[in-house]
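# Structural characterization, general
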Amino acid sequence: MASILTQRNLFWRNCAIFKKKSSMDNLFEITTKTRELYIKFLTEIPIEKLVEIPAGFNNNIWWNAAHVAVTQQLLVYKLSGLEPHLSEAFINAYRKGSVPETNYVPTQEEVDRLKASLIELIARTKADMGLGVFKAYEPYLTSAGVTLNNVTDAMTFNLVHEGMHIGSILALKKALGI
């Protein structure tokens, strides 16, 4: 009987579901799930609706999705003194304080590129953290009054930021009747 209990205990201890993950692993897992929601929006909503700005709004679904990719890169890489993995033109088009370009409609290729980037950028950030790439960080006071002192703070705040923009997209979808 004792050997059966020992075998069961070993089985349960070795099950992946019971292995303890680090809080950073959890943060990256949640961020990836959040990004999958953005990809769902970009996949299911027609391009012409992605760029429509309903009355009472100052941006669109496309801008919100691109903006979260840009913000994560600026909060994590730029403030660490590293080069972001998006073009300067893309960053300037979707950074904080920018507005959607009038009459701009992305191509299907651009939509597909953004969808891929949403996942790839998070995977790359996780890999770079594992490699110890982030050695310095310039403290940053967010518009929400939160001071970010390191990359962990940046990724944590980024998740809050992305959640806020999911709320914006849901409001946009409702206003657009989709």
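Our subject in this report is the structure included herewith. Predicted, not measured: the structure shown is a model, and the values here were computed from it.

## As for the pattern of salt bridges
One pass over the full model with this rule turns up six salt bridges. Between E162 and R35 there is a salt bridge; the shortest N-O distance is 2.7 Å. Taken together, the residues E162 in helix 7 (residues 151-176) and R35 in helix 2 (residues 23-44) connect sequence positions 127 residues apart. You'll find E162 and R35 in the same group, each marked buried. In this structure, R113 engages E109 in a salt bridge whose closest nitrogen and oxygen atoms are separated by 3.0 Å. Taken together, the residues R113 and E109, both in helix 6 (residues 108-130) and four residues apart, mark about one turn of the helix. Among the residues examined, E109 registers a relative accessible area of 56% and is labelled exposed.

## Remarks on the nonpolar core
Counting residues in hydrophobic clusters, the biggest one holds 28 residues, and the most contacted among them are Y38, L42, L50, I61, W62, L114 and L118. Among the elements of the structure, helix 2, helix 3 (47-50), helix 4 (61-76), helix 5 (88-94), helix 6 and helix 7 are those that each provide at least two residues to this core. Of the residues forming this core, the biggest block, nine residues, is contributed by helix 4. Not counting residues within four places of it along the chain, the set of residues in contact with L118 comprises R35, Y38, I39, L42, A65, V68 and A69. If you look at the next biggest cluster of nonpolar residues, it comprises 16 residues, including L27, V76, A154 and F157.

## Here we look at unusual backbone geometry
A positive phi angle is found at N103, which is not glycine, with a value near 65°. With respect to the helices, strands and loops of the structure, N103 is situated in the loop between helix 5 and helix 6.

## Topic: the layout of surface pockets
Within this model, the largest pocket holds a volume of roughly 390 Å³. T71, L75, K96, Y140 and H161 are the residues nearest the centre of the largest pocket, which is lined by 16 residues in total. Considering only residue class, the lining of the largest pocket consists of seven nonpolar, six polar and three charged. For the second largest pocket, the calculated volume is near 260 Å³. Of all the secondary structure elements, the ones that give two or more residues to the lining of the second largest pocket are helix 5 and helix 6. Among the elements that take part in the lining of the second largest pocket, helix 6 stands out by supplying four residues, more than any other. A breakdown of the residues in the lining of the second largest pocket according to their chemical character gives nine nonpolar, two polar and three charged.

Cut-offs used in this document
- Residues numbered from 1 in each chain as written.
- Predicted model: local features only at pLDDT ≥ 70, side-chain atom pairs only at ≥ 80, totals over all residues.
- Heavy atoms only, no water.
- Salt bridge = Lys/Arg side-chain N within 4 Å of Asp/Glu carboxyl O.
- Helix = DSSP H or I, 4+ residues; strand = E, 2+ residues; numbered from the N terminus.
- Buried < 20%, exposed > 50% of the residue type's maximum accessible area, 1.4 Å probe, protein only.
- Core = buried A, V, L, I, M, F, W, Y, C linked by side-chain atoms within 4.5 Å.
- Contact = heavy atoms within 4.5 Å.
- 1 Å grid on protein atoms, 1.4 Å probe; cavity = no way out; pocket = protein on both sides within 12 Å on 5 of 7 lines; lining within 4 Å.
- Points joined across faces, edges and corners; volume = space filled by probe spheres on them.
- Nonpolar A, V, L, I, M, F, W, Y, C, P; charged D, E, K, R; others polar.

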